[in-house]
Amino acid sequence: MSAPLDSLADLTISAGGTTSDVGGTNGSTALAITAPSALTGVVTVEVEQTSTGNTWGTLQSGGVDVTIAASKTLTIFPTTFARFRLTSSAAEAANRSFKCARLGMTR
């Protein structure tokens with residue numbers, strides 16, 4: 001049995017910025033994030049455990065920060081957080097939009 005991907009709002013790091021707007025998992029168990037074709041810095045995923053808090057931490061897997069490269073899609077499963085955002089190690093040279101989707105299943 002498979003579940004479809006449902007589009008979420010794109011996350012954008014604005015030109016000159018280092019942090020994207022915030023996305024929500026909407027209770028899904030998996031996310032897919034697709035990066036644009038060009039990135040200025042190394043982009044990492046930050047997560048917040050609650051829907052209202054402001055305690056962000058860098059998502060890790062196996063003790064290593066989770067990053068996303070230009071033109072690549074990152075799948076996160078399982079999602080153990082309520083919200084996510086992206087941060088760049090350098091100010092982005094142009095607006096960078098990341099396509100986001102969630103697996104069409106909820107917890």
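Before reading further, recall that the structure is shown in the block above.
In short, a report on the structure. (Residues numbered from 1 in each chain as written. Predicted model: local features only at pLDDT ≥ 70, side-chain atom pairs only at ≥ 80, totals over all residues. Heavy atoms only, no water.)

**Focus: the overall build of the protein**
Broken down by element type, the protein carries zero helices and 11 strands. Secondary structure elements of the protein, listed N to C terminal, follow the sequence β-β-β-β-β-β-β-β-β-β-β. Computed over C-alpha atoms, the radius of gyration of the protein comes to 13 Å, within 12% of the 13 Å expected from 2.2 N^0.38 for 107 residues, which places it in the range of a compact globule. Over its C-alpha atoms, taken along the principal directions, the protein stretches across nearly 40 × 25 × 25 Å. (Helix = DSSP H or I, 4+ residues; strand = E, 2+ residues; numbered from the N terminus. Rg over C-alpha atoms; globule rule 2.2 N^0.38 Å.)

**Focus: the pattern of salt bridges**
All told, the structure shown has four salt bridges when counted by the stated rule. With a shortest N-O distance of 3.7 Å, Asp6 and Arg102 are connected by a salt bridge. One end of the pair, Asp6, is in strand S1 (residues 5-13); the other, Arg102, is in strand S11 (residues 96-103), and 96 residues separate them in sequence. On the accessibility criterion, Arg102 (16% relative accessible area) is buried. Here Glu92 ties to Arg96 by a salt bridge, and the two come within 2.9 Å at their closest N and O atoms. Side by side, Glu92 and Arg96 carry an identical accessibility label, which is buried. (Salt bridge = Lys/Arg side-chain N within 4 Å of Asp/Glu carboxyl O. Buried < 20%, exposed > 50% of the residue type's maximum accessible area, 1.4 Å probe, protein only.)

**As for the nonpolar core**
General note: in soluble globular proteins, nonpolar side chains tend to be found buried as a group. Ranked by internal contacts, the top residues of the largest apolar core, which has 19 residues, are Ile33, Val45, Ile76, Phe84, Leu86 and Phe98. Of all elements in the fold, only S1, strand S3 (31-34), strand S4 (43-48), strand S9 (73-76), strand S10 (83-88) and S11 reach the threshold of two or more residues within this core. In this structure Phe98 touches Asp10, Leu11, Ile13, Ile33, Thr34, Ala35, Pro36, Leu39, Val43, Ile68 and Leu86, once residues within four positions along its chain are discounted. (Core = buried A, V, L, I, M, F, W, Y, C linked by side-chain atoms within 4.5 Å. Contact = heavy atoms within 4.5 Å.)

**Re unusual backbone geometry**
Looking along the chain, the bond that leaves Phe77 and enters Pro78 is cis, with omega of -5 degrees. If you check the backbone angles, Asn26 has positive phi at about 55 degrees while not being a glycine. Its place among the elements puts Asn26 in the loop between strand S2 (23-24) and S3. In this structure Asn26 comes out as exposed when scored by relative accessible area, which is 52%. Positive phi is not limited to glycine here, since Ser71 has a value of about 65 degrees.

Worth remembering: the numbers are spatial, not functional.
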